[in-house]
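Now for the letters of each chain:
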Amino acid sequence: YPRATPPRLRPPRCSAIRLGHCRASPFARLPRSACYASTTMGDETSTSASGSAQEPAAPAVQGAGSVKQQISNLVALSLRATVPEVDVEPIVEVCTGKFGDYQCNNAMGLWSKGKGSGTSFKNPNAIGQAIAKNLPACDVIESASVAGPGFVNIVLSKSWVAKRIQDMLVNGIKTWAPILPVKRVVLDFSSPNIAKEMHVGHLRSTIIGDTLARMFEFSNVEVLRRNHVGDWGTQFGMLIEFLFEKFPNWEELGSQAIGDLQVFYKASKQRFDEDAEFKDRAQQAVVRLQGGEEKYRAAWKKICEISRNEFDQVYKLLDVQLEEKGESFYNPYIPQVLEKLSSQGLIEESEGARVIFIQGHQIPLIVVKRDGGFNYASTDLAALWYRLNVEKAEWIIYVTDVGQQQHFDMFFKAARMAGWLPDPKEKKFPKTSHVGFGLVLGADGKRFRTRSTEVVRLGDLLDEAKSRSKSELLQRLTENGKIVDWTDEELEQTSKAVGYGAVKYADLKNNRLTNYTFSFDQMLSDKGNTAVYLQYAHARICSIIRKSNMDVEELKVSGNISLAHPDERVLGLYLIRYAEIVEEACTNLLPSVLCEYLYNLSEMFTRFYTNCQVVGSPEEPSRLLLCEATAVVMRQCFQLLGITPVYKL
């Protein structure tokens, strides 16, 4: 390690500090609007689009990608026939009204561009009529009509919708994966500090990052899940010196010498704050550690090992996979990266420190402190250089609290100044995004803590969720007399699935930029938009299928889906929109979009089941396949949210 001067302890990437606002993403916009509307999303992410590879348009392959992508491809062909002299991207929105299923909104824009240039069209409606007429004949579209100033309302063929659902049942839900214009993504999330316990503040970064990773992976994107742990800083000198002082024979005692790492950390911190002589020795210990002395390196490795083991227990409970590449991994790259930036004239001396002045910010980005030590910014620059040049990532996404917004804004701008990332307006890869999130609050509206004002340990919180879930399940099963049908193993596994899932969903269903109030009572309720309600909805569908005594696997091959009833069509249409929902959630880095879809799907199924008899009806085979398709899509939603589905409750 080339530096012997202690760097600043970085702020943890997990704990939310304050609520703020993020810049809108310039990635593909996927608004969800009613007919005649043209509203867009885009207040979600802090993004710096970057690099040299142009973001490709959706491939014009009928049958590939989401339904929205396929409709856009058909509209694109129509636009080329309608206005061959104009290069225009199709504007296709989802219709929520009675006029159609999708809507093309290009006519008004084309009219504005063409006015006064000798166009043969008399008004926007005429352009809309031409677009509708030029839509290629195919089995996807049943009809197209024009309303108002050229809005082209497109109705999908019921038989095509039914066939798309049946094909998914035969070939698997992966056939509904959206096509994204990116192949490799780095997701930097969770990232706790070594020697500190994971607490409720780490919850949001961990599960938001995991869900984003799962959605990209479902979309056939290679995801490098990175745990950028804080394993290199001043706290290690303090811990190592305290270890040497208390246990001269620590190597013989191993992990027993440290015991409870949190207790050990607090004791060493108290000594550091109160004893000036110990503080000096601790600072020298950092220098010796970074200088590579074997004794100090061995102690550092032992402390990291104990901390990792504690992290791994939490990750196992949450079913989260991560590859650790902490600050120490990137430390050797810092000198060469800073040398490159200096040779470009970007780093200047200022009040004894080395900094990069960023336009639009009153304070500079400090990359080398006055004492010569590296810091959070220098480590992040080295990590970004590595991710761009070694890992060849196209999109690097950082999941941290919104309080670190300014740091990432300055850091991304510095990278653009260096030529690593081009202007966001160019919409090129690679690109960087900061996924910010708000605070977890208690019932008092303040940061969620225990009664003794301590932060809530994440392991304890998950244990409490499982315990409460089990108690409520036992009570319900005892009251309805079904407890005899359950084994102890089933009770244990179901309690975990419901309890842990409730905690995750309560967080993920909210727009991540907002604060949310943590409440076991609300998240474990079986009413409203909760994971428990959704688990019951899924279990009920499974029960309907079991009670039919029909072989659903055989039906997938031999049966046919019919969407004759209006509620059958509504359900079928919403099912096939799954791919574009995942696409939208990935595009805008918003897991809440998927949660909203899952809850709406369960509501639509309830309406379908209320109005359309399944078991014992003439339409039973078809309707059982709709039940199975709904269950399959719900399970895939659960999987992307990191929730284990249950099949009986």
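Refer to the structure presented above.
Chains are numbered independently. Their residues run from 1 in the order of the written sequence. In keeping with the model being predicted, local features are shown solely for residues with a pLDDT of at least 70 and side-chain atom pairs are shown and tallied solely at 80 or more, while totals for entire chains, interfaces and linings include all residues. Side-chain measures were taken over the full set of non-hydrogen atoms in the model, leaving aside hydrogen atoms and water.

Within the secondary structure, Val88 sits in the loop between helix H1 (67-82) and strand S3 (92-94). Each C-alpha atom, one on Val88 and one on Gly109, is 9.5 Å from the other, the two residues being 21 residues apart in sequence. By definition in these notes, contact holds between two residues if any of their heavy atoms fall within 4.5 Å. If near-sequence neighbours (up to four positions away) are discounted, Val88 is found in contact with Leu79, Val83, Asn106 and Leu110. Strands are runs of DSSP state E lasting at least 2 residues, helices are runs of H or I lasting at least 4, and numbering of each runs from the N terminus.

All right, on to helix H9 (residues 261-274) then. For a helix, the expected span equals 1.5 Å multiplied by the number of residues minus one. For H9, built from 14 residues, the straight-helix expectation of 20 Å at 1.5 Å per residue is met to within 8% by its first-to-last C-alpha distance of 20 Å. When a residue's accessible area, from a 1.4 Å probe over protein chains only, is under 20% of the maximum for its type it is buried; when over 50% it is exposed; and in between it is partly exposed. Where H9 is concerned, the buried positions are Leu261, Gln262, Phe264, Tyr265, Ser268 and Phe272. Down the axis of H9, the buried set is contained in an arc of 155 degrees. They therefore lie on one face. Seen from the buried face of H9, the exposed residues on the opposite side, beyond 90 degrees, are Val263, Asp273 and Glu274. Arc, as used here, means the arc of the directions from the helix axis to the C-beta atoms.

Think of it this way: a Phe, Tyr or Trp ring, Trp meaning its six-membered ring, pairs with another when their centres are within 6.5 Å, and the plane angle makes it stacked under 30 degrees, edge-to-face over 60, tilted otherwise. Under the counting rule described, the total for this entry stands at 26 aromatic pairs. Here Phe242 and Phe264 contribute two aromatic rings whose centre-to-centre distance is 5.2 Å and whose plane-to-plane angle is 70 degrees, an arrangement assigned as edge-to-face. Separated by 22 residues along the polypeptide, Phe242 in helix H6 (residues 234-246) and Phe264 in helix H9 bring together distant segments of the chain. By relative accessible area, Phe242 is classed as buried at 7%. Residue classification places Phe264 among the buried positions, given a relative accessible area of 5%. Ring geometry for Tyr330 versus Tyr386: centroids 5.8 Å apart, planes at 70 degrees, classification edge-to-face. With Tyr330 in helix H12 (residues 327-330) and Tyr386 in helix H14 (residues 376-389), this residue pair connects regions lying 56 residues apart in the sequence. Grouping residues by exposure puts Tyr330 and Tyr386 together as buried.

Moving on, we get to the pairing of strand S6 (residues 151-156). Within S6, 6 of the 6 residues are buried, which leaves it mostly tucked inside the rest of the structure. Residues Phe151, Asn153 and Val155 line one face of S6 and the alternating positions Val152, Ile154 and Leu156 line the opposite face, and both faces are buried. DSSP bridges decide pairing: two strands pair if at least two such bridges lie between them. In this sheet, S6 lies alongside strand S5 (residues 141-147) in antiparallel orientation, the contact comprising 6 bridges. Across the sheet, Ser143 pairs through a bridge with Val155, a residue of S6. Between the antiparallel neighbours S5 and S6 lie 3 residues, among them Gly148 with a positive phi of about 55 degrees.

Closest axis-to-axis distance for the helix H5 (residues 203-218)/helix H22 (residues 578-588) pair is 10 Å, and the angle between their directions is 130 degrees. In terms of their interaxial angle, H5 and H22 are classed as oblique. Between H5 and H22 the crossing geometry is left-handed. Residues Leu212, Met215, Phe216 and Phe218 of H5 lie in contact with H22, whose contacting residues are Tyr578, Val582, Ala585 and Cys586. Classifying every residue of the contact of H5 with H22 by side-chain character gives 8 nonpolar, no polar and no charged. A fitted line through C-alpha atoms represents every axis, and for helices the fit uses only the stretch in contact; the resulting angles, taken between N-to-C directions, go from 0 to 180 degrees. Comment on the angle field: the value is read as roughly parallel under 35 degrees, roughly antiparallel over 145, roughly perpendicular from 65 to 115, and oblique elsewhere. Left-handed describes a crossing whose near helix is turned anticlockwise from the far helix by less than a right angle; the clockwise case is right-handed. Charged residues are taken to be Asp, Glu, Lys and Arg, nonpolar residues to be Ala, Val, Leu, Ile, Met, Phe, Trp, Tyr, Cys and Pro, and polar residues to be all remaining types, Gly included.

What follows covers the nonpolar core. Among the buried residues, those of types Ala, Val, Leu, Ile, Met, Phe, Trp, Tyr and Cys that are joined through side-chain atoms within 4.5 Å form a nonpolar core. Core analysis: the biggest nonpolar cluster contains 160 residues, and Leu156, Ile165, Leu187, Phe216, Leu461, Tyr578 and Val633 have the highest contact counts within it. For this core, the leading source of residues is helix H24 (residues 620-640), giving 12 residues. If near-sequence neighbours (up to four positions away) are discounted, Phe216 is found in contact with Leu180, Val185, Leu187, Val221, Val223, Trp395, Ile397, Cys586 and Leu589. Val367, Ala383, Leu384 and Tyr398 belong to the second largest nonpolar core, which has 36 residues in total.

Before going further, it helps to examine the sheet that holds strand S11 (residues 353-356). Taking strand neighbours across the sheet as the criterion, the 3 strands line up as S10-S11-S12 in an open arrangement whose pairing is antiparallel. Across the chains shown, the open sheet's two edge strands, defined by having one partner strand only, are strand S10 (348-350) and strand S12 (365-368). Pairs of neighbouring strands in the sheet enclose a mean axial angle of 50 degrees, with direction left out of account. Relative to S11, S10 runs antiparallel, the two sharing 3 bridges. Bridging from a neighbouring strand, Ser350 pairs with Ala353 of S11.

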